[in-house]
Number of protein chains: 2
Amino acid sequence: MNRAISVRSSGGKSSSKDASSSKHFSLSSLRGMNQPDLSKKLYKLIKTENNLITAYETAGRERISIATQLSEWGESTEDDAISEISDKIGVLLSELGDQEDYYAHSLDDSRGVLKAIRNTEKSVQPSRDHKHKLEEQIAKLRAKEPQSATLVTLEQELVRAEAEQLVAEAQLTNITRKKIKEAYDAEFTATIERAEKQIILARHGRRLLNLLDDTPIVPGNIRPVFEHTEQARQILNDAEDDLRDWQFDAEEVQSHGNLDAGGMRQEGTEHQQVQNVEGSIVGTEDGYRNEGVQSEIGDTRISSGQQNPGSYAPSVTGTSVTTGPIETSEVNRVA
Amino acid sequence: MNRAISVRSSGGKSSSKDASSSKHFSLSSLRGMNQPDLSKKLYKLIKTENNLITAYETAGRERISIATQLSEWGESTEDDAISEISDKIGVLLSELGDQEDYYAHSLDDSRGVLKAIRNTEKSVQPSRDHKHKLEEQIAKLRAKEPQSATLVTLEQELVRAEAEQLVAEAQLTNITRKKIKEAYDAEFTATIERAEKQIILARHGRRLLNLLDDTPIVPGNIRPVFEHTEQARQILNDAEDDLRDWQFDAEEVQSHGNLDAGGMRQEGTEHQQVQNVEGSIVGTEDGYRNEGVQSEIGDTRISSGQQNPGSYAPSVTGTSVTTGPIETSEVNRVA
């Protein structure tokens, strides 16, 4: 067996990694280069998530298109059994497609959570740079004019910058840990939900197939009438019931990241720079909630279809589904 | 709840369906038009399956790219806990991606089975047309020259054509029922396999997240050393064991389509046309096995990656995975 050692490409040589991921960033890689170093990797990862989400949106859309085509082909065979079974399988496939689309939206939510980390990384970089610059200025001035009055001012400024940076770094580690758990908890939970619901659909789909008699007939003989119409309908009802009764069942991912932020903010560090950092050291949700407004244009996903994944309800039913013409979502997005 | 009635677009009005699916066939729709009517719908469906398969291949590839990026980002944070957890989550995400790719290959296998139906449809059409043309000729001739000697010849030809068509229609219904069961059995089985394996991965992923302490720290404090390295490794071992022990567990879809074909072939129907139809009335596998050679160029998928889905083994491991630069599969395929 091909035993795996690490997903890192040979322990941190980023050149090969860049080669592998750069193909996704033909246009946006220039903008990526304008990101501070600290947020560059996550910036790219968030971009790549876009491609993943689009792939699932596509899968969902194509699946629903295939479902309709299968049903219509079945009707055209003028074989009652094929017609009935293909239509019902079409209903299940269409619901499988909806689940892919719903999954895409959940991944998009998880992607939004990662942006909170990236935004914090981005805002911490100037704080590091500022401190570094002050240290250099002071060293230079001390060598040239050790008695300069400016030295005192700069040293005062450095003390403030150090305080600011301590806060910024605490904010960064707090936000990073909290949000990385939150993002991947959401992603794994959505993966389990999609999987369990698709298992329900696929198992009932296999029951439908068993209603179709494929015993060969000899030339000139005709097929007996299809007698399982009611059973086929019942299978869809069962699938609908199972989807409706589905509940997420797993231990919670524990988070300790929700402490009150108030006590941690320190007087004297209320510098402009600090206020650019996430709302508080432990990270209130505000920064993330407003993120859609703050983020630059290249981040914005123009979503199609289901807008409220939270209010999702299964659409499988006792009979079958009418889908209109499938709408193409014209997603004009920077890749 | 949006109760579904049918996946057919308003009971057989094919115009709206054509509008919805035509966007997938900008180039290949011309070739589709050259298909006999009988196989046109399935021809298009099989084309659309290509888009679905490509979407899952893309999802797999992007997921693996994200896995590597996550691991490398984690390393760059210089936070031991984040580094360790992100690398292990990367391993699981990478395996999730492999499962999508494996699923794409299973869908491609299922798509291949549908081609056996389409090929039979295609070969039955000339038989229908031939019989219809003979009937017209006979009717015309009988009205014009009822004593013509050609009439006798044509009527003999019609008898042969009718016999041929009886066989062709029996082959069509036998192949259609057998293969539609086979194709969707394969598809639902693959859906269950992907789902169950991804559930294993996601549940272990959530265990990993619980090893990460996201209790906020105050500025100036440092994080305690990460003490769960062994546990994180154990979780990957558990995931690997669970994937290895996984077995498909569901009742079989019953097929009665495998009767001996010999007894059903009739002397006198061994016309060239009949031999173009699937190898026998009940459908031996030969037609399908050779299908890659027979099918026109527009059908052929240039597959990338895993060639033997049957020999698939999980690649999750006790430590982590090294992925090289992700290879772009340059799929030059007629859409």
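Along every chain, residues carry numbers that run from 1 in the direction the sequence is written. For naming, the first written chain is A and the first written ligand is 1, with later ones following in the order written. At least 70 in pLDDT is required for a residue's local features to be given in this predicted model, at least 80 for side-chain atom pairs to be given and counted, and no such filter applies to totals for whole chains, interfaces and linings, which use all residues. The basis for the side-chain values is all heavy atoms of the structure; hydrogens and waters are excluded.

You'll find chain A entered in an unreviewed UniProt entry as Sphingolipid long chain base-responsive protein LSP1, with Botryotinia fuckeliana given as the organism.

Further remarks concern the overall build of chain A. What counts as a helix is a DSSP run of H or I of at least four residues, what counts as a strand is a run of E of at least two, and both are numbered from the N terminus. Counting its regular elements, chain A contains nine helices and zero strands. Here the term buried applies to any residue with accessible area under 20% of the maximum for its type, exposed to any over 50%, and partly exposed to those in between, with areas from a 1.4 Å probe on protein chains only. Within chain A, the proportion of its 335 residues that are buried is 56%. Contacts are residue-level and defined by heavy atoms, with any inter-residue pair within 4.5 Å sufficient. Considering only residue pairs separated by 6 or more positions, chain A has 83% of its internal contacts joining residues 24 or more positions apart. Note that accessible areas follow from Shrake-Rupley with a 1.4 Å probe, and for residues the cover is restricted to the protein chains shown. When the accessible surface of chain A is summed, it comes to about 14,700 Å², and 49% of that surface belongs to carbon and sulfur atoms.

Now for the packing of aromatic side chains. Only the six-membered ring of Trp is used, alongside the rings of Phe and Tyr, when aromatic pairs are assigned; centres must lie within 6.5 Å, and planes under 30 degrees apart are stacked while those over 60 apart are edge-to-face, with the rest tilted. In total, this model carries six aromatic pairs over all chains according to the counting rule given. Between A:Tyr184 and A:Phe188, the aromatic rings sit 6.4 Å apart at their centres with planes inclined by 50°, giving tilted as the arrangement. Placement of the pair is A:Tyr184 and A:Phe188 together in helix 5 (residues 149-210), with a separation of four residues, close to one helical turn. Taken individually, A:Tyr184 and A:Phe188 each receive the classification buried, so the pair is uniform in this respect. With a centroid separation of 5.0 Å and 75° between ring planes, the pair formed by B:Tyr56 and B:Tyr103 is classed as edge-to-face. Of the two residues, B:Tyr56 sits in helix 3 (residues 37-76) while B:Tyr103 sits in helix 4 (residues 80-144), which places them 47 residues apart along the sequence. The exposure classification of B:Tyr56 matches that of B:Tyr103, with both residues buried. Note on geometry: a ring has a charge over it if NZ (lysine) or CZ (arginine) is within 6 Å of the ring centre and within 35 degrees of the ring normal. Seen from the ring of A:Tyr103, A:Arg194 lies directly overhead, with NZ or CZ sitting 4.1 Å from the centre.

Packing of helix 3 (residues 37-76) of chain A against helix 3 of chain B brings their axes to within 8 Å, and their N-to-C directions diverge by 160°. Regarding the angle of helix 3 of chain A to helix 3 of chain B, the classification is roughly antiparallel. Handedness of the crossing formed by helix 3 of chain A with helix 3 of chain B: left-handed. Gly is put with the polar residues, along with every residue not named as nonpolar or charged; the nonpolar set is Ala, Val, Leu, Ile, Met, Phe, Trp, Tyr, Cys and Pro, and the charged set is Asp, Glu, Lys and Arg. In the contact of helix 3 of chain A with helix 3 of chain B, the residues fall into 18 nonpolar, 12 polar and 12 charged. Note on definitions: angles span 0 to 180 degrees between N-to-C directions of axes, and those axes are lines fitted to C-alpha atoms, for helices only across the stretch in contact. Relative orientations are named as follows: roughly parallel for angles under 35 degrees, roughly antiparallel for angles over 145 degrees, roughly perpendicular for angles from 65 to 115 degrees, and oblique for any other angle. By convention the crossing between two helices is left-handed if the near helix lies anticlockwise of the far one by an angle smaller than a right angle, and right-handed if it lies clockwise.

Judged by nonpolar contacts, the single largest core of 96 residues is most densely connected at A:Ile89, A:Ile180, A:Tyr184, B:Ile89, B:Ile180 and B:Tyr184. Broken down by secondary-structure element, the contributors of at least two residues to this core are helix 3, helix 4 (80-144), helix 5 and helix 6 (229-245) of chain A together with helix 3, helix 4, helix 5 (149-210) and helix 6 (229-245) of chain B. With sequence-adjacent residues up to four places away left out, B:Tyr184 is seen in contact with A:Ile66, A:Leu70, A:Ile89, A:Leu93, A:Leu209, B:Leu45, B:Glu49 and B:Leu114. Definition used in this section: a nonpolar core is a set of buried Ala, Val, Leu, Ile, Met, Phe, Trp, Tyr and Cys residues joined via side-chain atoms within 4.5 Å.

Let us now look at unusual backbone geometry. Residue and element names in this part refer to chain A. Of note in the backbone geometry, Glu 78 takes a positive phi value of approximately 55° without being a glycine. With respect to the secondary-structure elements, Glu 78 resides in the loop between helix 3 and helix 4. A relative accessible area of 74% places Glu 78 in the exposed class.

Before going further, it helps to spend a moment on the confidence of the model for chain A. For residues with low pLDDT, the predicted coordinates do not support detailed interpretation. Residue and element names in this part refer to chain A. Mean pLDDT for chain A: 78, with 67% of residues reaching 70 or above. The model gives residues 11-32 a pLDDT under 50, and that stretch makes 37 contacts with residues more than four places away or in other chains. pLDDT under 50 marks residues 283-299. Its contacts with residues more than four places away, or in other chains, come to 34 contacts. The pLDDT value expresses, per residue, how confident the predictor is, ranging between 0 and 100.

Residues and elements named next belong to chain B. A helix is expected to span 1.5 Å multiplied by its residue count minus one. Compared with an ideal rise of 1.5 Å per residue, which puts 40 residues at 58 Å, helix 3 spans 60 Å between its outermost C-alpha atoms and is within 8% of the ideal. Burial analysis of helix 3 places 34 of its 40 residues in the buried class, which makes it a mostly covered element. Following helix 3 by one or two positions, Glu 78 adopts a phi angle in the positive range, close to 55°.

All names here are of chain B. Contact pair helix 4 / helix 6: the axes reach a minimum separation of 10 Å and the direction vectors enclose 10°. Taken together, the axis directions place helix 4 and helix 6 in an arrangement best described as roughly parallel. Each of Glu 84, Lys 88, Val 91, Leu 92 and Glu 95 in helix 4 lies in contact with helix 6, whose residues at this interface are Thr 229, Ala 232, Arg 233, Leu 236, Ala 239 and Leu 243. In terms of residue class, the contact of helix 4 with helix 6 is made up of six nonpolar, one polar and four charged.

Side chains that differ in charge, positive against negative, can pair when their charged atoms come close. Take a side-chain nitrogen of Lys or Arg and a carboxyl oxygen of Asp or Glu: if they are within 4 Å of each other, that pair is a salt bridge. As enumerated under the stated definition, the model contains 38 salt bridges over all chains in all. Where B:Arg63 meets A:Glu187, a salt bridge forms, and the shortest distance between an N and an O atom there is 2.5 Å. Highlighted residues: B:Arg63 in helix 3 and A:Glu187 in helix 5, drawn from two different chains. The class for B:Arg63 is buried, based on a relative accessible area of 1%. The residue A:Glu240 makes a salt bridge to A:Arg244 at a minimum N-O spacing of 3.8 Å. Placement of the pair is A:Glu240 and A:Arg244 together in helix 6, with a separation of four residues, close to one helical turn. Each of A:Glu100, A:Arg194, B:Glu100 and B:Arg194 takes part in one network of salt bridges that share partners.

Quick look at helix 4 of chain A now. Residue and element names in this part refer to chain A. Under the 1.5 Å per step criterion, the end-to-end length of helix 4 is 96 Å for 65 residues, consistent within 8% with the ideal 96 Å. For helix 4, a buried count of 46 out of 65 residues is recorded, marking the element as mostly surrounded by other parts of the structure. Any N or O atom pair separated by 3.5 Å or less is treated as a polar contact, with the protein-specific requirement of one donor-capable and one acceptor-capable atom, and with residues adjacent in sequence counted only for side-chain atom pairs. Sitting at the amino-terminal end of helix 4 is Asp 79, which places a side-chain oxygen 3.0 Å from the backbone nitrogen of Ala 81.

As for its placement among the helices and strands, A:Gln198 is situated in helix 5. Judged by its relative accessible area of 2%, A:Gln198 is buried. Expressed as a C-alpha distance, the spacing of A:Gln198 and A:Leu243, which sit 45 residues apart in the sequence, is 9.3 Å. Residues contacting A:Gln198, with those up to four places away along its chain left out, are A:Leu96, A:Gln99, A:Glu100, B:Thr191 and B:Arg194. From its side chain, A:Gln198 meets the backbone oxygen of A:Leu96 in a polar contact 3.3 Å long.

Residues and elements named next belong to chain B. Within the secondary structure, Leu 151 is located in helix 5. When the C-alpha atoms of Leu 151 and Glu 230 are compared, they prove to be 89 Å apart, with 79 residues separating the residues in sequence. Setting aside residues up to four positions removed in sequence, Leu 151 forms contacts with Ile 138, Leu 141, Arg 142 and Pro 146.

Here A:Gln165 lies in helix 5. If we skip the residues at most four places from it in the chain, A:Gln165 touches A:Ser127, A:Arg128 and A:Lys131.

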